[in-house]
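Understanding the architecture of this molecule
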2 protein chains.
Amino acid sequence: MNDANTIMLAHGGGGRLMNDLIAKLIVPRFANAALGQLKDSAEMNIGAETICFTTDSFVVKPLVFNGGDIGKLAVCGTINDLAVTGARPAALSLSLIIEEGFSMQLLEALLDSTACTAQRAGVPIVTGDTKVVEKGAADGIYINTAGIGVKLEAAEVGFDRICVGDKIVVTGTLGDHGMTILSQREGLEFTTSLESDCAALNGLAELLFDKFGRDIKFMRDPTRGGLAAVLNEVVQHIGLPMELEEAAIPIDRTVQAAADMLGLDVLNIANEGRIVALVDQDIADRFVAICRTHPLGRRAAVIGSVAAGTEPLVEMLTKAGGRRVVQMPYGRELPRIC
Amino acid sequence: MNDANTIMLAHGGGGRLMNDLIAKLIVPRFANAALGQLKDSAEMNIGAETICFTTDSFVVKPLVFNGGDIGKLAVCGTINDLAVTGARPAALSLSLIIEEGFSMQLLEALLDSTACTAQRAGVPIVTGDTKVVEKGAADGIYINTAGIGVKLEAAEVGFDRICVGDKIVVTGTLGDHGMTILSQREGLEFTTSLESDCAALNGLAELLFDKFGRDIKFMRDPTRGGLAAVLNEVVQHIGLPMELEEAAIPIDRTVQAAADMLGLDVLNIANEGRIVALVDQDIADRFVAICRTHPLGRRAAVIGSVAAGTEPLVEMLTKAGGRRVVQMPYGRELPRIC
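Every chain is numbered independently, its residues counted from 1 as its sequence is written. The naming scheme follows written order: chains are lettered A onward, ligands numbered 1 onward. A pLDDT threshold of at least 70 governs which residues receive local features in this predicted model, and a stricter bar of 80 or more applies before side-chain atom pairs are shown or counted, although totals over entire chains, interfaces and linings include all residues. Side-chain numbers here rest on the full set of heavy atoms in the structure, without hydrogens or water.

1. A short note on the overall build of chain A
A run of H or I in DSSP counts as a helix once it spans at least four residues, and a run of E counts as a strand once it spans at least two, with each numbered from the N terminus. Scanning chain A from N- to C-terminus turns up nine helices and 14 strands. Seen through its C-alpha atoms, chain A measures out along the principal axes to roughly 55 × 55 × 45 Å. Residue contacts follow a heavy-atom distance rule, with two residues in contact if any of their heavy atoms lie within 4.5 Å. By sequence separation, contacts in chain A at least 24 residues apart represent 83% of the contacts at least 6 residues apart. Under the convention used here, a 1.4 Å probe and the Shrake-Rupley method define accessible areas, while residue burial counts only the protein chains that appear. Accessible area of chain A: about 12,200 Å², with a carbon and sulfur share of 47%. Only four residue types enter the charge count, namely Lys and Arg as positive and Asp and Glu as negative; His and the chain termini do not. A charged residue contributes its charge at one atom only: NZ of Lys, CZ of Arg, CG of Asp or CD of Glu. Each charge sign in chain A was given a centre, from 30 positive and 42 negative side chains, and these centres are 2 Å apart.

2. Quick look at the interface of chain B and chain A
Facing the 78 residues of chain B at the interface are 78 residues of chain A. Summed over both partners, the accessible surface that disappears when two parts come together, traced with a 1.4 Å probe, is what is meant by buried area. In total, about 6,400 Å² of surface goes out of reach between chain B and chain A, with carbon and sulfur atoms giving 69% of it. Salt bridge criterion: a side-chain nitrogen from Lys or Arg within 4 Å of a carboxyl oxygen from Asp or Glu. Our count for the contact surface shared by chain B and chain A stands at twelve salt bridges. Across the pair Asp112(A) and Arg29(B) runs a salt bridge whose closest N-O atoms are separated by 2.5 Å. For the side of chain B that touches chain A, the secondary structure elements donating two or more residues are α1 (16-26), α2 (33-36), β1 (42-46), β2 (49-58), β5 (87-99), α4 (104-121), β6 (125-133) and β7 (141-151) of chain B. Looking at which element gives the most residues to the side of chain B that touches chain A, the answer is β5(B), with ten residues. By the convention adopted, Pro, Cys, Tyr, Trp, Phe, Met, Ile, Leu, Val and Ala count as nonpolar, Lys, Arg, Asp and Glu as charged, and the other residues, Gly among them, as polar. Each residue belonging to the side of chain B that touches chain A can be placed in one class, and the counts come to 43 nonpolar, 21 polar and 14 charged.

3. Brief notes about the sheet that holds strand β9 (residues 216-220) of chain A
Residues and elements named next belong to chain A. The mixed open sheet is built from seven strands, whose spatial order is β9-β11-β8-β12-β10-β13-β14. Each edge of the open sheet is held by one strand with a lone partner, namely β9 and β14 (323-325). The mean angle between the axes of side-by-side strands here comes to 25 degrees, regardless of whether they run parallel or antiparallel. What makes two strands pair is DSSP finding at least two bridges between them. Here strand β8 (residues 167-170) runs beside strand β12 (residues 301-306); their pairing, made up of four bridges, is antiparallel. In the sheet register, Lys 167 faces β12, and the bridge partner there is Ser 305. An axis is simply a line fitted to the C-alpha atoms; with a helix, the fit covers only the stretch in contact. Between two such axes, the angle follows the N-to-C directions and lies from 0 to 180 degrees.

4. A word on the packing of aromatic side chains
All names here are of chain B. Two rings from Phe, Tyr or Trp (for Trp, the six-membered ring) form a pair when their centres are within 6.5 Å of each other. A pair whose planes differ by under 30 degrees is stacked, one over 60 is edge-to-face, and the rest are tilted. As enumerated under the stated definition, the model contains five aromatic pairs over all chains in all. With 5.4 Å between their ring centres and 45 degrees between their planes, Phe 212 and Phe 287 make a pair best called tilted. One end of the pair, Phe 212, is in helix α6 (residues 202-212); the other, Phe 287, is in helix α9 (residues 284-292), and 75 residues separate them in sequence. You can call Phe 287 buried: its relative accessible area is 0%. Throughout, exposure labels follow a simple rule: accessible area from a 1.4 Å probe, protein chains only, divided by the maximum for the residue type, with under 20% read as buried, over 50% as exposed, and the rest as partly exposed.

5. Comments concerning unusual backbone geometry
Between Lys61(A) and Pro62(A) the backbone carries a cis peptide bond, its omega angle lying at 5 degrees. Tracing the sequence through the fold places Pro62(A) in the loop between β2 (49-58) and β3 (64-65). Non-glycine residue Arg336(B) carries a positive phi angle of around 55 degrees. The residue Arg336(B) is located in the segment after β14 (323-325) in this model.

6. Topic: the domain arrangement of chain A
Residues and elements named next belong to chain A. Those domain boundaries reflect an automatic or database domain assignment. You can read the domains of chain A as domain 1 (32-151) and domain 2 (159-325). Look at where the C-alpha atoms of domain 1 and domain 2 centre, and you get two points 23 Å apart. Each side of the interface is counted separately: domain 1 has 26 residues, and domain 2 has 27 residues. Counting the surface lost from both domain 1 and domain 2, the interface buries some 1,900 Å², and carbon and sulfur atoms represent 55% of this.

7. Digging into the pattern of salt bridges
Under the definition given, this model contains 36 salt bridges over all chains. A salt bridge links Arg29(B) to Glu108(A); the shortest N-O distance between them is 2.9 Å. With one member in each of two chains, Arg29(B) in the loop between α1 and α2 and Glu108(A) in helix α4 (residues 104-121) form a pair that bridges those chains. Take Glu108(A): its relative accessible area is 30%, and that puts it in the partly exposed class. The salt bridge involving Glu134(B) is made with Arg336(A); its shortest N-O contact spans 2.8 Å. On the criterion of chain membership, the pair formed by Glu134(B) in the loop between β6 and β7 and Arg336(A) in the segment after β14 is interchain, its members lying in two chains.

8. What to know about the packing of helix α3 (residues 70-84) of chain A against α4(A)
Residue and element names in this part refer to chain A. Interaxial distance between α3 and α4 falls to 7 Å at its minimum, and their mutual angle equals 30 degrees. By the angle between their directions, the pair α3 and α4 is classed as roughly parallel. You can see that α3 and α4 cross each other, and the crossing is right-handed. Facing Ile 70, Gly 71, Lys 72, Val 75, Cys 76 and Ile 79 of α3, the residues of α4 in contact are Leu 110, Ser 113, Thr 114, Thr 117, Ala 118 and Ala 121. Here the residues of the contact of α3 with α4 are counted per class, giving seven nonpolar, four polar and one charged. By the definition adopted for this analysis, an angle is roughly parallel if under 35 degrees, roughly antiparallel if over 145, roughly perpendicular if from 65 to 115, and oblique otherwise. Crossings are assigned a handedness: left-handed for a near helix turned anticlockwise from the far helix by less than a right angle, right-handed for a clockwise turn.

9. Examining the relation of the copies chain B and chain A
Our superposition of the copies is a least-squares fit, built on the C-alpha atoms of residues whose pLDDT is at least 70 in both. Each copy superposes on the other: chain B lies on chain A with an RMSD of 0.0 Å after a rotation of 180 degrees and an axial shift of 0.0 Å. Look at the turn and shift together and you get a two-fold axis relating the two. By C-alpha distance to the rotation axis, the residue of chain B lying nearest is Ala138(B), at 2.2 Å. Here 100% of the contact residues of chain B are again contact residues in chain A; the copies associate through an equivalent surface.

10. Some words on the sheet that holds strand β12 (residues 301-306) of chain B
Residue and element names in this part refer to chain B. Overall, mixed pairing links the seven strands, which are arranged β9-β11-β8-β12-β10-β13-β14 in an open sheet. Two strands bound the open sheet, and with one partner strand each, they are β9 (216-220) and β14. The average undirected angle you get between the axes of adjacent strands in this sheet is 25 degrees.

11. Looking at the confidence of the model for chain A
Looking at chain A, the pLDDT average stands at 94 and 98% of residues meet or exceed 70. Interface scoring of the predicted complex returns ipTM 0.94; its pTM is 0.95. Scored from 0 to 100, pLDDT reflects the predictor's confidence in each residue.

12. Notes on the layout of surface pockets
Of the pockets and cavities examined, the largest pocket occupies roughly 1,100 Å³. For the lining of the largest pocket, the secondary structure elements donating two or more residues are β5 (87-99) and β6 (125-133) of chain A together with α1, α2, β2, α3 (70-84) and α7 (226-238) of chain B. Taken together, the residues that form the lining of the largest pocket break down as 22 nonpolar, 14 polar and 13 charged. Estimated volume of the second largest pocket: approximately 920 Å³. In this analysis the probe radius is 1.4 Å and the grid spacing 1 Å, with only protein atoms considered; a cavity is a set of points the probe fits into but cannot get out of, a pocket is an open set with protein on both sides within 12 Å along at least five of seven lines, and lining residues have an atom within 4 Å of a point. Lining the second largest pocket are 42 residues, and of these Met18(A), Ile22(A), Leu38(A), Asp40(A) and Glu233(A) lie nearest its centre. Elements that contribute at least two residues to the lining of the second largest pocket include exactly α1 (16-26), α2 (33-36), β2 and α7 (226-238) of chain A together with β5 and β6 of chain B. It is β6(B) that provides the largest number of residues to the lining of the second largest pocket, a total of seven residues. Grid points are joined across faces, edges and corners, and a volume is the space filled by probe spheres set on the points.

13. Examining the pairing of strand β1 (residues 42-46) of chain A
Put simply, side chains in a regular strand alternate between the two faces of the sheet. All names here are of chain A. The buried fraction of β1 is high, at four of five residues. The pairing of β1 with β2 spans five bridges and is classified as antiparallel. Residue Ile 46 lies in a different strand from β2, and its bridge partner there is Glu 49. Between β1 and β2, which pair antiparallel in sequence order, lie two residues; one of them, Gly 47, sits at a positive phi of approximately 60 degrees.

Now the structure itself:
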């Protein structure tokens with residue numbers, strides 16, 4: 001198989017190969033202002049409102065995992081894409097592709113979870129679609145959600161607002177979702193003590209935008225490709241370097257052990273209930289304090305800052321006192337994580 | 001395999017079994033006003049605007065067929081769901097699930113077709129997602145589109161507006177899309193002379209709403225389950241019977257021959273570029289005349305009317321002078337038609 005002529009798993013891995021695919025194949029064909037922003041959700045003006053619009057298909061394997069399932073993930077993922085672009089989610093769509101022979105009981109359980117997650121997050125599912133394909137033409141069930149949100153007046157985020165000195169904050173431990181999926185798939189023995197961070201972040205994000213408004217320069221939820229992919233995308237756009245402090249990055253001990261065992265870097269691992277924010281340095285400590293008042297932000301921390309310089313690199317001061325470059329992940333190792 | 005405990009292909013066929021699944025499993029779990037309407041797209045108020053929102057996943061096989069491909073279909077299908085609910089499509093999302101090993105050349109061709117169709121229809125694709133699953137975990141590529149539209153002021157459609165005497169109009173021949181797919185799949189020899197009707201109907205629909213406004217009582221695009229599914233859904237909602245005149249229903253001769261050969265009823269077959277409208281009897285002839293001025297409405301015709309009575313049945317006066325009941329299709333025969 002010739003790599004250049006066929007799609008590889010890494011094309012969906014959230015890393016360099018996927019970014020290439022999107023930049024070369026997708027964006028030029030569909031050129032328009034909203035798509036060109038390449039935010040987690042697209043912004044459009046409809047009447048007097050600024051509407052945000054986003055979509056994600058979910059193909060996670062296994063379908064049920066510690067801390068969630070594909071239905072919960074599909075609701076949270078799309079809500080989070082809206083939340084981190086500064087929008088209040090207004091409605092979701094839900095589209096199912098089901099393999100013939102799929103268990104009706106499991107379908108009902110997944111729909112229960114989907115409905116429950118949407119209801120708790122306060123976002124109605126207003127439209128949907130169901131397709132069935134023959135046995136062998138899918139792997140159980142795939143779920144697509146799209147979402148519409150209304151831009152919060154207080155929110156103004158974008159690459160162009162990021163300055164030297166801005167602090168990098170994460171709202172919790174990193175890698176929990178990805179390591180839970182991977183270790184469950186690999187059948188590792190500590191699987192039961194890992195739990196996905198999968199959660200709807202609209203409440204936390206809106207709290208933060210309400211309190212800090214324009215002092216929040218940028219937000220993302222670090223899903224496929226993890227923190228490394230998000231920060232590398234940012235430095236590419238802003239042309240400035242970033243410095244991380246390894247000792248400040250919150251990582252659960254079991255997650256770290258699992259990653260070490262599988263030879264993975266936690267910074268490349270997917271999260272489904274965390275925010276990475278770039279904020280004005282003057283509010284960084286208060287920002288972390290407010291995060292910690294929220295159940296989804298208990299382990300928030302400042303982990304680094306935007307530095308002066310001309311090389312768009314993410315550098316990390318390691319615990320051992322050295323420096324290393326945190327690269328954009330290639331995307332190969334982590335198929336079907338979300 | 002126990003029918004009641006697993007998903008069958010017919011659950012996605014657009015017929016009785018799918019309606020049951022939606023009514024019993026989906027709607028009760030996600031109860032809200034917008035979903036409860038069960039229109040082709042959901043309506044919501046955002047600020048001063050009425051926004052319509054819809055989604056569809058496309059799993060058509062083969063991926064490329066006479067008159068279109070899965071990319072064109074994915075754009076047209078979602079545009080049409082918005083158009084027939086009286087909305088002007090404002091933006092689409094595009095989400096790909098691709099099987100590992102898929103041809104890059106074919107992917108590019110499908111993206112070209114997707115982009116070209118969206119551009120011609122005047123609807124930008126503003127957001128998207130790409131997932132890759134292992135070889136054998138999908139059948140080539142599945143595409144989801146979601147769409148947002150803005151309700152046209154002139155449009156007011158709904159089951160509750162339909163009255164005795166309203167005329168049933170179709171904007172063109174029936175069954176072309178479904179018979180093209182099926183005969184290509186079966187390798188029938190007349191395949192080459194069949195062509196899908198796959199087209200974006202937003203231009204035609206807006207023309208009609210502009211001219212006839214509230215005199216248009218109801219619109220649908222008869223996709224899975226065909227005309228029979230749409231009309232049976234309508235009679236169930238309104239509690240009135242309908243009468244069709246077989247001789248008035250436009251059907252291409254080759255489509256009819258293909259359907260006869262495969263033992264299918266053209267009224268159950270999917271269309272992807274046709275509108276079924278219920279209109280006030282006083283404007284029906286002018287409605288047809290205006291349709292015929294549009295390239296996608298050349299073979300428009302009045303095919304029946306809403307009758308007085310209490311039994312919600314669709315009856316057809318046959319060419320032979322008899323009467324038969326047109327039933328809700330079960331959905332079994334037509335997997336992966338869209």
